[in-house]
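Coordinate inspection notes
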Amino acid sequence: MRVYMRKSLLQIPSPSEEACSVDEEEAFLKDPEQIQDELPQPFRMISKLINTLIDDAWSTIQNRAQIRLAQQLKKQSPVLEATGQIQISGKTNCLASSDDGEYVFAGVSKGLCVFSALTNLAVSAWEEEDVEVTSLCVTCLGGQVYLIATVDDMGIARLLVYFSNFITLIKVINEPEDVSRRNLCTKFELSRGGDFAGVMLEGNGESWLEVYRFPKDSWLRELELAQTTSQKQQTADSQDGVLTETVPHISSVGDLKLSPSVIIMKIKPPKSISGTSLKSPFEVLQKTEDGSVIGSGQNHMISSRQWEEQETIFQSVYKKYLDTIESMKTEDKPCEGTFDFLLPGGLLPMFGEVKGPTGVPVAISLWWSGNHDLLKYLLVRPTKDKNDKTEVEPKPDVVWPNARPILCSAVSRCTKYIALGLTEGLLTVWDAYLGLPLSVLSIPRDSDIRHVQFMEPHTVNKDNVTCSTFQVNPKTQVLVSCKDGASHVVVSVRGRDTTVTRLTERSEDQSSLPSAIQSIPFQPNLVLFMSRNGTIALMDSTDGALICNFGLPASHALATPWDPVFLLDPERQSLFIRGDKKLSPDELLEGKVAASSLFIFNFNQFSFMESYRDTQTSVQAAKHPGTWEERCELYLQDRLQSLGDRNKAMAECWNQLQQHAASVRQRQEKHLNRTAVTQRSQVSF
């Protein structure tokens, strides 16, 4: 009988990722601290059965949710037709309304158009060849004078003024001397009232923010003087028998000379953290006392050598994953900045000391794409010495670090609350007055947050200054939309649990993804949804019920449904939507441009609004606390009124601690009894 003997010993092959099966990869845990032994039979079979039951149950829940959603969509919801229409020559790219609701401004393919919100008729226009306005911001300087900030398709920012039914160009912010070296403007925003402006610029692979202060009072006097002079000239010409226009048209900067604006800040993205020469904590503290802000991460004791060693170790340990990330990287782009103007108020010393007129911002908040920090800069800095000069490139006065990079942000109208949408679905709502987070929660979806917005009523006091009432336990509602199409309403109340209400589910169909989600400013419980397939719907945020749809005429369709052009006017309580006329296939082949119109939906003429007006709580404007005494008094009132909630929370905490202590005591007694029994048994033997 032959016996086959192995010449060499059997060797265990070295493990490789290619040889691993799918089951082994799923069972293997990356964290060594979490590795557990595999369950023996029959427990492994029981675990598998339970997991199967859970998967089947979850599939059934998802199917029922989809069926329920389909049934809701099948329900006959009323389709509301437009109550008005405005014909526009050219393509409308953006819309904006005046603070008083008197006018609607439209950025078109050849300049600007102004329409009366009362009559829906064009009252003025500013035309310029090869200037297609794509971004628009309007604010009221005073009286019937309106300041207009525009950005065209070539990245040129312009500042204009509308008065006496005419639009006049004041200044071109980034007028290029050399076309090949021009700086592009990505955002041009005005503060309410026109005291300040922020311009985000890009050029030579860099980006920065320029903040301007406008001589508002001087401009109003100069415009009034120009209007008086033109009226006198008109009267003199009429007496001489010369036919002139009703009001002379001022068309260039040379015809109207206004006081120059002043740039007060030029802010660049923060530098990356690198090694330092500081060697002791005393030097770090001394560096901080020189004016550096805590929280930016720039003040540390890590030397360049330590930094390089840690970087080398990191690169070697995670080389495989870093190579994958490098292959997925695209072309580097300049950092994009997002900023908002902040009104005075709060308990922070540096913001509390700044005094100014009511409604005039005193600070600006700024964050950069890919960065964790929310930065705050003072617009009006208290001068300690007459020889002090304005710092053009200042350091931030306040830094709020966050756990993850910021994706989007929103500021309430009173600028008291700031909402930050972070990566991996994390939402943070800050109380800017107290400098404390009101709520921090994770949205229950594996998708990044795309847009956040405060759902609050539009309240204006006698001075036309937006404000909000001071509430003891403030209730904030934030509308959150994710990239996967899901939307939520987050309600936060100080001292209580945060509630999350889901409005829409995640959409698998790309055509039904929402392209715009906006809260109705004059009725915060209503939310406007605009989808990529051209659907325009109005939903109730309290229960997610579909109220109605907005329908355009059969001859028109929603223009650019992936980026719709619309406007919600809080004063007139109207919705403006751009619609393009449908073209035939032959007209499309000929390259004919579709004529666009603005369709108006006046909510005051819809019957369903009566029920929401009855349930809407009346909101009165409150006086903005100005002095330290007023702010401290409101804070103490808040603490006094919330005493009951805090005592209740403290009692619950003590009950939990007592229960935990009792359980620990029972375990200790059991252990002592077991030890005593063991000792007695050993003594008996």
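A quick note: this is a predicted structure, and the numbers were derived from the prediction, not measured. Sequence positions are assigned chain by chain, starting from 1 and proceeding in written order. This being a predicted model, a pLDDT of at least 70 is required before a residue's local features are given, and a value of 80 or more before pairs of side-chain atoms are given or counted; all residues contribute to the totals for chains, interfaces and linings. Hydrogens are left out, water is left out, and the side-chain values use all remaining heavy atoms of the structure.

The next subject is the overall build of the chain. Secondary structure summary: the chain contains 11 helices and 34 strands in total. When a residue's accessible area, from a 1.4 Å probe over protein chains only, is under 20% of the maximum for its type it is buried; when over 50% it is exposed; and in between it is partly exposed. Across the 685 residues of the chain, 39% fall into the buried class. Restricting to contacts in the chain with at least 6 residues of sequence separation, those with at least 24 account for 56%. Helical segments are the DSSP runs of H or I of at least four residues, strand segments are the runs of E of at least two, and each set is numbered from the N terminus. Contacts are assigned to residue pairs with any non-hydrogen atoms lying within 4.5 Å of each other.

Turning to the pattern of salt bridges, a few remarks are in order. Pairing is possible between side chains that carry opposite charge, provided their charged atoms lie close to one another. For this analysis, a salt bridge means a side-chain nitrogen from Lys or Arg found within 4 Å of a carboxyl oxygen belonging to Asp or Glu. This structure, assessed with the given rule, holds 8 salt bridges. Notably, a salt bridge pairs Glu102 with Arg572, separated by 3.9 Å at the nearest N-O pair. Taken together, the residues span a long stretch of sequence, with Glu102 in the loop between β3 (92–97) and β4 (103–108) and Arg572 in the loop between β32 (566–569) and β33 (574–581) at a distance of 470 residues. Since its relative accessible area comes to 27%, Arg572 is described here as partly exposed. Two residues, Asp152 and Arg158, come together in a salt bridge whose shortest N-O distance is 2.8 Å.

If DSSP finds at least two bridges between two strands, the strands pair. Across the sheet, which stays open at both edges, the 4 strands sit in the order β3-β4-β5-β6 with antiparallel pairing between neighbours. Two strands close off the open sheet at either side, each with one partner strand: β3 and β6 (122–127). Across the sheet, the mean angle separating the axes of adjacent strands is 20 degrees when strand polarity is ignored. Inspection of the sheet shows β3 paired to β4 by 5 bridges, in the antiparallel sense. Note that in β4 the partner of Cys94 across the bridge is Gly107. Convention adopted: a line fitted to C-alpha atoms gives each axis, helices being fitted over their contacting stretch, and angles between N-to-C directions are expressed from 0 to 180 degrees.

Time to look at the pairing of β32. In terms of strand pairing, β32 meets β33 through 4 bridges, oriented antiparallel. Within β33, the position partnered with Leu568 by the bridge is Leu575.

In this structure, Lys171 sits in strand β10 (residues 166–172). Between the alpha carbons of Lys171 and Val161 there is a distance of 9.9 Å; along the sequence they are 10 residues apart. N or O atoms within 3.5 Å of each other form a polar contact, as long as, within protein, one can give a hydrogen and the other can take it, and as long as residues adjacent in sequence are counted only when both atoms are side-chain atoms. Polar side-chain contacts of Lys171 include one of 3.5 Å to the side chain of Ser261.

With that out of the way, let us pick up the packing of aromatic side chains. To pair, rings of Phe, Tyr and Trp, with the six-membered ring standing in for Trp, must have centres within 6.5 Å; the planes then decide the type, stacked if under 30 degrees apart, edge-to-face if over 60, and tilted in the middle. Going through the model one piece at a time under the given rule, you end up with 13 aromatic pairs. Seen from their ring centres, Phe105 and Tyr162 are 5.9 Å apart, and the 85 degrees between their planes marks the pair as edge-to-face. One end of the pair, Phe105, is in strand β4; the other, Tyr162, is in strand β9 (residues 157–163), with 57 residues separating them in the sequence. The exposure class of Tyr162 is buried, given its relative accessible area of 1%. Members of the aromatic cluster, each reached through a chain of ring pairs, are Phe522, Phe550, Phe601, Phe603 and Phe606. Any Lys NZ or Arg CZ found within 6 Å of a ring centre and within 35 degrees of that ring's normal is scored as a charge over the ring. Of note, Lys266 hangs over the ring of Trp208, and the distance from its end group to the ring centre comes to 5.1 Å.

This next bit is on unusual backbone geometry. One non-glycine residue, Asp130, adopts positive backbone phi at about 60 degrees. Tracing the sequence through the fold places Asp130 in the loop between β6 and β7 (133–142).

Turning our eyes to something else, we now look at the sheet that holds strand β21 (residues 426–431). Read from one edge of the open sheet, 4 strands run β19-β20-β21-β22, paired in antiparallel fashion. The open sheet has two edge strands with one neighbour each: β19 (406–411) and β22 (436–442). Going from strand to strand, the sheet's axes swing by 15 degrees on average, the running direction of each strand aside. Relative to strand β20 (residues 417–422), β19 runs antiparallel, the two being bridged by 5 bridges. Residue Ser409 lies in a different strand from β20, and its bridge partner there is Leu420.

Moving on to the side chain of Ser409. Along the polypeptide, Ser409 turns up in strand β19. Take Ser409: its relative accessible area is 19%, and that puts it in the buried class. There is a polar contact of 2.8 Å between the side chain of Ser409 and the side chain of Trp367. Setting aside anything within four residues of it in sequence, one finds Ser409 in contact with Thr338, Asp340, Trp367, Ala419, Leu420 and Val452.

All right, on to the pairing of β20 then. Burial of β20 is extensive: 6 of the 6 residues sit out of reach of the surface. Along β20, one buried face is formed by Tyr417, Ala419 and Gly421 and the opposite face, lined by Ile418, Leu420 and Leu422, is buried too. Between the end of β19 and the start of β20, which pair antiparallel, lie 5 residues, with Thr415 showing a positive phi angle near 60 degrees. Sheet topology note: the β20/β21 ladder contains 6 bridges and is antiparallel. Along β21, the bridge assignment pairs Leu422 with Leu426.

Low-pLDDT portions of the prediction should not be read for the details of their coordinates. As a per-residue measure, pLDDT reflects the predictor's confidence and takes values from 0 up to 100. For the chain, mean pLDDT is 78; residues scoring 70 or higher make up 74% of the total. Across residues 17–31 the pLDDT falls below 50, and counting only partners more than four positions away or on other chains, this stretch makes 6 contacts in the model. Note that pLDDT drops below 50 for residues 460–470; the model gives that stretch 30 contacts with residues more than four away or on any other chain.

Quick look at the environment of Ser218 now. On the secondary structure map, Ser218 appears in helix α3 (residues 216–239). Once the C-alpha coordinates of Ser218 and Ser259 are considered, the two residues, 41 residues apart in sequence, prove to be 6.8 Å apart.

Before going further, it helps to spend a moment on the side chain of Thr428. With respect to the element layout, Thr428 can be found in strand β21. We classify Thr428 as buried; its relative accessible area is 5%.

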